[in-house]
Amino acid sequence: APGPARPGTKRLPRAIVVGVKKGGTRAVLEFIRVHPEVRALGTEPHFFDRNYHRGLEWYRSLMPRTLDSQITVEKTPSYFVTNEAPRRIHSMAKDTKLIVVVRNPVTRAISDYTQTLSKKPDIPTFEGLTFRNRSLGLVDTSWNAIRIGMYAVHLESWLQYFPLSQIHFVSGEKLITDPAGEMGKVQDFLGIKRVITDKHFYFNKTKGFPCLKKSESSGLPRCLGKSKGRTHVQIDPEVIEQLRDFYRPYNIKFYETVGQDFRWE
């Protein structure tokens, strides 16, 4: 016999973590779902990029049940670089709150490459994929790992549909050094009480980032999976310098647009 129906209703998300890949989106989702007023979908539904043809009711059916006082959140980091995503999310609900977790684009690209390499060990070198012509310093912007970090370019599409006041930018770096501070700002942005504080975190020296003292589902400490906190591939410092030069104008434009200096230079 079916068990008792769980209370609440499946609702479309009021907030979406739209990006960026390898920025710290999983950490933000795991940290925010500790909050009693937040219910989050654990997997990435990829509705606004890959599954849009399935329709809003399919999307809603994936969501956790919430009470009237709770906010539904989902995360799919590829939305940030998907041209159609801003329009599609806007047509679902124009007051949707958007969270973008950003980190130094050079570090992000290396992290992205490291993840791909763990799955496909025979891919070309990082240097080989980064440049169309290394001696001329021509960076290959068609390579996804490079393209994602051009935040100012992608942000333009979002600003055609959403005001900056509806987009909150989380620093991936500060999420590691001051998780409670960054999550405090996320809670303010979502309009919920600051429940997640310093007492929820401890620093895991082995992984090199903060973990939750206890997760929503159990009283045990909760760290992100083994795929998080991988040791990055060693990259020639000269390549890193060339990439820093490449990203600098995009970073500066991004800081100016969002009114926040992430200090990646």
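Provided above is the structure to which this section pertains.
Here is a short report on the structure shown in this document. (Residues numbered from 1 in each chain as written. Predicted model: local features only at pLDDT ≥ 70, side-chain atom pairs only at ≥ 80, totals over all residues. Heavy atoms only, no water.)

1. Thoughts on the overall build of the chain
Where we set the bar: A run of DSSP states H or I qualifies as a helix once it reaches four residues; a run of E qualifies as a strand once it reaches two. Both are numbered from the N-terminal end. Burial status follows relative accessibility: with a 1.4 Å probe on protein chains alone, a residue under 20% of its type maximum counts as buried, one over 50% as exposed, and anything between as partly exposed. The criterion used for residue contact is that any of the two residues' heavy atoms lie within 4.5 Å. For every accessible area listed, the method is Shrake-Rupley and the probe measures 1.4 Å; residues are considered covered only by the protein chains on display. Neither His nor the chain termini are counted; the positive set is Lys and Arg, and the negative set is Asp and Glu. The location of each charge is read from NZ of Lys, CZ of Arg, CG of Asp or CD of Glu.
Helices and strands together make up the secondary structure of the chain, namely ten helices and eleven strands. Seen along its three principal axes, the alpha-carbon backbone of the chain occupies a region of about 65 × 40 × 40 Å. Burial analysis of the chain (265 residues in total) assigns 47% to the buried set. Pairs at least 24 residues apart make up 70% of the contacts formed inside the chain by residues separated by at least 6 positions. Total accessible area on the chain stands at roughly 13,400 Å², and carbon and sulfur atoms take up 51% of it. Here the chain carries 42 positive and 27 negative side-chain charges, and the mean point of each set is 7 Å from the other.

2. A short note on the nonpolar core
Rules: In this text, buried Ala, Val, Leu, Ile, Met, Phe, Trp, Tyr and Cys residues form a nonpolar core when linked through side-chain atoms within 4.5 Å.
Judged by nonpolar contacts, the single largest core of 30 residues is most densely connected at Val18, Phe48, Tyr79, Phe80, Ile89, Trp158 and Phe254. Sorting the residues of this core by element identifies strand S2 (15-19), helix H3 (85-92), strand S6 (97-102), helix H7 (151-159), strand S9 (167-171) and helix H10 (237-258) as the ones contributing at least two each. Examining the composition of this core, we find that four residues originate from one element, H7, more than from any other. Excluding residues that lie within four positions of it along the chain, isoleucine 89 makes contacts with Ile16, Val18, Phe48, Tyr79, Thr96, Leu98, Trp158 and Phe162.

3. Overview of the environment of phenylalanine 48
Within the secondary structure, phenylalanine 48 sits in the loop between strand S3 (38-40) and helix H2 (56-62). On a C-alpha basis, the gap between phenylalanine 48 and valine 17 in space is 12 Å, while along the polypeptide they are 31 residues apart. Discounting residues that sit within four places of it in the chain, phenylalanine 48 has contacts with Ile16, Tyr59, Glu74, Tyr79, Thr82, Ala85, Arg88, Ile89 and Met92.

4. A closer look at the packing of helix H1 (residues 25-32) against helix H9 (residues 179-190)
Here is the rule we go by: Note on method: axes are straight lines fitted to C-alpha atoms, helices fitted across the in-contact stretch only, with angles between N-to-C directions ranging 0 to 180 degrees. In what follows, roughly perpendicular refers to angles from 65 to 115 degrees, roughly parallel to angles under 35, roughly antiparallel to angles over 145, and oblique to any angle outside these ranges. Two helices that cross are described as forming a left-handed crossing if the nearer one is turned anticlockwise from the farther one by less than a right angle, and a right-handed crossing if clockwise. Residues were grouped as follows: Ala, Val, Leu, Ile, Met, Phe, Trp, Tyr, Cys and Pro as nonpolar; Asp, Glu, Lys and Arg as charged; and all remaining residues, including Gly, as polar.
Between H1 and H9, the shortest axis-to-axis distance is 11 Å and the interhelical angle comes to 70°. One way to sum up the angle between H1 and H9 is to call them roughly perpendicular. Considering how the two elements wind past one another, H1 and H9 form a crossing that is right-handed. Where H1 approaches H9, its residues Val28, Phe31 and Ile32 are matched on the opposing element by Pro179, Met183, Val186, Gln187 and Leu190. Within the contact of H1 with H9, the residues separate by chemical class into seven nonpolar, one polar and no charged.

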